[in-house]
Amino acid sequence: MIKFRCRNCSLYNYARNSFSFSSALAVVDSFQHQQQQQEVSRPESLPQISEGRFPDSLDPRFFISDLKSCRNVSEVKQIHGQVTVLGMLQSLLVTNKLLYMYARYKALDDGYTLFGTTEERDAVSWGVMVGGFAKAGDYDGCMRIFKEIVRLGLRLNNYTLPFVFRACRNTCNLQMGREIHVLVCKSGLDSDLFVSAAIVDMYAQCGDVEDARKVFDDMPKRDLVTWTVMIDGYAECGAAHESLLLFNRMKEEGVVPDKVTLVTTAYACAKLGAMHKAKYIHDYVLERKFSLDVILGTAMIDMYAKCGSVESARQIFDMMKEKNVVSWSAMISAYGIHGFGQKALELFPLMLQSGILPNRITFVSVLYACSHAGLVKEGKRWFSSMREDYSIMPDVKHYTCMVDLLGRAGRFNEVLELMGAMVVEKDEGLWGALLGACRIHGNIALAEKAAECLLELQSSNPGYYVLLSNVYAKAGRWDDVARVRDLMTSRRLKKIPGWTWIEVNNRTHRFGVGDRTHPCSVEIYEKLKSLSVKLELGGYVPDTKFVLHDVDEEHKVGILYTHSEKLAIAFGLISTPPGTTIRITKNLRVCGDCHTFIKLVSKIEQREVIVRDANRFHHFGEGSCSCGDYW
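Draft legend 1. Spotlight on helix H24 (residues 428-441). The end-to-end C-alpha distance of H24, which contains 14 residues, comes to 20 Å, matching closely the 20 Å that a straight helix rising 1.5 Å per residue would cover. Of the residues making up H24, those classed as buried are Gly429, Leu430, Trp431, Gly432, Ala433, Leu434, Leu435, Gly436, Ala437, Cys438 and Arg439. Those residues of H24 that are buried are in contact with helix H22 (396-408), helix H23 (412-420), helix H25 (444-457) and helix H26 (462-474). Capping of H24 at its N-terminal end is provided by Asp427; its side-chain oxygen lies 3.1 Å from the backbone amide nitrogen of Gly429. Gly442 sits one or two positions beyond H24 and adopts a positive phi of about 70 degrees.

Draft legend 2. Seen up close, the packing of helix H20 (residues 360-373) against H22. The interhelical angle for the contact between H20 and H22, taken along N-to-C directions, is 10 degrees, at an axis separation of 9 Å. It follows from the interaxial angle that H20 and H22 lie roughly parallel. Residues Arg360, Phe363, Val364, Leu367, Tyr368, Cys370, Ser371 and His372 of H20 touch H22, and the partners they reach there are Lys397, His398, Cys401, Met402, Asp404, Leu405 and Arg408. Looking at side-chain class alone, the contact of H20 with H22 contains 8 nonpolar, 3 polar and 4 charged residues.

Draft legend 3. Quick peek at the packing of helix H2 (residues 60-68) against helix H4 (residues 92-104). Axis separation between H2 and H4 bottoms out at 9 Å; the angle between their running directions is 5 degrees. If you check the angle between H2 and H4, you find them roughly parallel. Listed contacts from H4 to Pro60, Phe63, Ile64, Leu67 and Lys68 of H2 are Leu93, Val94, Lys97, Leu98, Met101 and Arg104. Across the contact of H2 with H4, the residue classes tally to 8 nonpolar, no polar and 3 charged.

Draft legend 4. The nonpolar core, seen in detail. In this structure, Leu161, Phe165, Ile180, Met303, Met331 and Leu434 are the most contacted members of the largest nonpolar core, which totals 163 residues. Among residues more than four places away in sequence, those in contact with Ile180 are Met143, Phe146, Leu161, Val164, Phe165 and Cys168. Formed by 30 residues, the second largest nonpolar core is a distinct cluster that contains Ile502, Ile524, Leu535 and Val609.

Draft legend 5. How the structure looks around the pattern of salt bridges. Under the counting rule described, the total for this entry stands at 28 salt bridges. Arg213 is the salt-bridge partner of Asp217, the closest N and O atoms lying 3.0 Å from each other. Here Asp217 pairs with Arg213, and both are found in helix H11 (residues 209-218), just 4 residues apart, close to one helical turn. The class of Arg213 is buried, set by a relative accessible area of 18%. When the shortest N-O distance is used, the salt bridge between Arg314 and Asp318 registers 3.0 Å. Placement of the pair is Arg314 and Asp318 together in helix H17 (residues 310-319), with a separation of 4 residues, close to one helical turn.

So, how was this worked out
Here, residues in each chain are numbered from 1, in the same order as that chain's written sequence. In keeping with the predicted nature of the model, local features appear solely for residues at pLDDT of at least 70, side-chain atom pairs appear and are counted solely at 80 or more, and the whole-chain, interface and lining totals rest on all residues. The side-chain figures draw on all heavy atoms in the structure; neither hydrogens nor water molecules are used. Going along the chain from the N terminus, every DSSP run of H or I of four or more residues is numbered as a helix, and every run of E of two or more is numbered as a strand. Helices are assigned an expected span. That span is 1.5 Å times one less than the residue count. The rule is simple: take the accessible area with a 1.4 Å probe, protein chains only, and divide by the maximum for that residue type; under 20% is buried, over 50% is exposed, in between is partly exposed. Contacts are assigned to residue pairs that have any heavy atoms within 4.5 Å of one another. Under this definition, polar contacts are N or O atom pairs within 3.5 Å; protein pairs additionally need one hydrogen-donor-capable and one acceptor-capable atom, and for neighbouring residues in sequence, both atoms have to be side-chain atoms. Axis definition: a line fitted to C-alpha atoms, over the contacting stretch in the case of helices. Angles run 0 to 180 degrees between N-to-C directions. Each angle receives one of four descriptions, namely roughly parallel if under 35 degrees, roughly antiparallel if over 145, roughly perpendicular if within 65 to 115, and oblique otherwise. Note on residue categories: nonpolar means Ala, Val, Leu, Ile, Met, Phe, Trp, Tyr, Cys or Pro, charged means Asp, Glu, Lys or Arg, and polar means any other residue, Gly included. Here, nonpolar core means buried Ala, Val, Leu, Ile, Met, Phe, Trp, Tyr and Cys residues that are tied together by side-chain atoms lying within 4.5 Å of each other. Each salt bridge in this description consists of a side-chain nitrogen of Lys or Arg and a carboxyl oxygen of Asp or Glu lying within 4 Å of one another.

The structure is reproduced here in structure tokens:
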């Protein structure tokens, strides 16, 4: 799957992930809800409650009923006092219900105190405490109780274990998760549906998708939640293609997707940029008559936007009966990443008229849109407005947008003034935005400063070394280029290779620079040769300054003609009918020479070409680009 991330700054990630996070949170909330429903529906998951001795005149069910009606922890404590005076704490039925109510209202100190003074604890008592700490987000407390269970040699059960794996997942404690997995296998609970699903979820969310898949494949039966977790795991770890394959397999096995699964699959489509899959998901939503609520609708806006169709994203947006601030922000972001800054800004007053107030994410989307459309004046105005009109203090992401906006415009004095006035800590995203702007304008001194700060923050990211190297190469400082490359070699860092993907006949094809591995390579290079003749007659001259190698001019021209995006477009031209829109995706920023090349191809071949690179979308048609040569 294609990692669609801005390598120069984190502002795109921030704007993008704002909406992906909402989808992801919906998946997690639904997963937890379904787990809770399943826990209620499986009586065998809870051990039998053991009764203590209590006065015949008192019925524990009376106190249980009262506890169920409690609306806050104060009422729970009142009943706790009553049962203590009446000696009813010797009834585990009552004690366990008290523990549950304390956990429900997150009064874990009170629950832990009661738990510690209970002599006749059973599996329910332990399970309630483990679950209570996990639900309250106190994962250390959850693991502390579980370790005590293991130390005492108590029997593991399929109620407690999912909470423990949730704690491992949410703390990314993969090592602990593996150790508990071993205990599960020894106890024979590895075949339990609920435990296995929790293990799959733990591995997937901790980034170990291979072990997640092994557990998934070994499960004798898989429910919808487990399929959804596995699909999401692949998408999160960078294998969205596998997500989509798994989605198809799930349906083939007769498992019917629900809304949560569709949100997860839409997220995978967005990461891969798979338009045919996006349309398939849309058709499925219409066929099954799913309502476009806030969560599903927003996910589909994001999906279509990332697959290159901002028009389809707007159609979904307009069809939604209910929209929240995330939906509006998603649509603003969609226009922003496609370079339609004015349309993005036009949505803002419409959002206010609908009664929705902007939040921090909305302003990231707005500022990003201004940055990639060169709307400096408007961006500065909105940056001031967020504080003055909406009392939203800017965080580092908003400052990153402003550094990117001003830096792209070459206004470095304003950039330095802004950074000097910052009261929030500068992160790698901000310094990356500055370094990217320095590359555009050839500001070597400031680029070196930005690179120095970046390497202090994250010395293992090869992208920053490459950016600095490109600044030196553009200035012809080949000794400095060699120095940076030697530094990368000594630190065992490798440049991320450039790849371009194109979708033809529902299949995805990948090309690298100078690629000759494709079955149609002969035809592709013949098409490039014929294109070069037509383009040169139309005035195209290869811009060799974008070849960042110290080689002769003839060799540079040869390298330019075999850039991965050119190969992908040539393949698209020979593989699709005349007039068909060509969509390609590149994992790095499209180079200036390829940008010029594609503009001329769109005019000569009368094709619309949509390019998604690491920063944004470019819509080419009739010899021009939607970015206005400002990217």
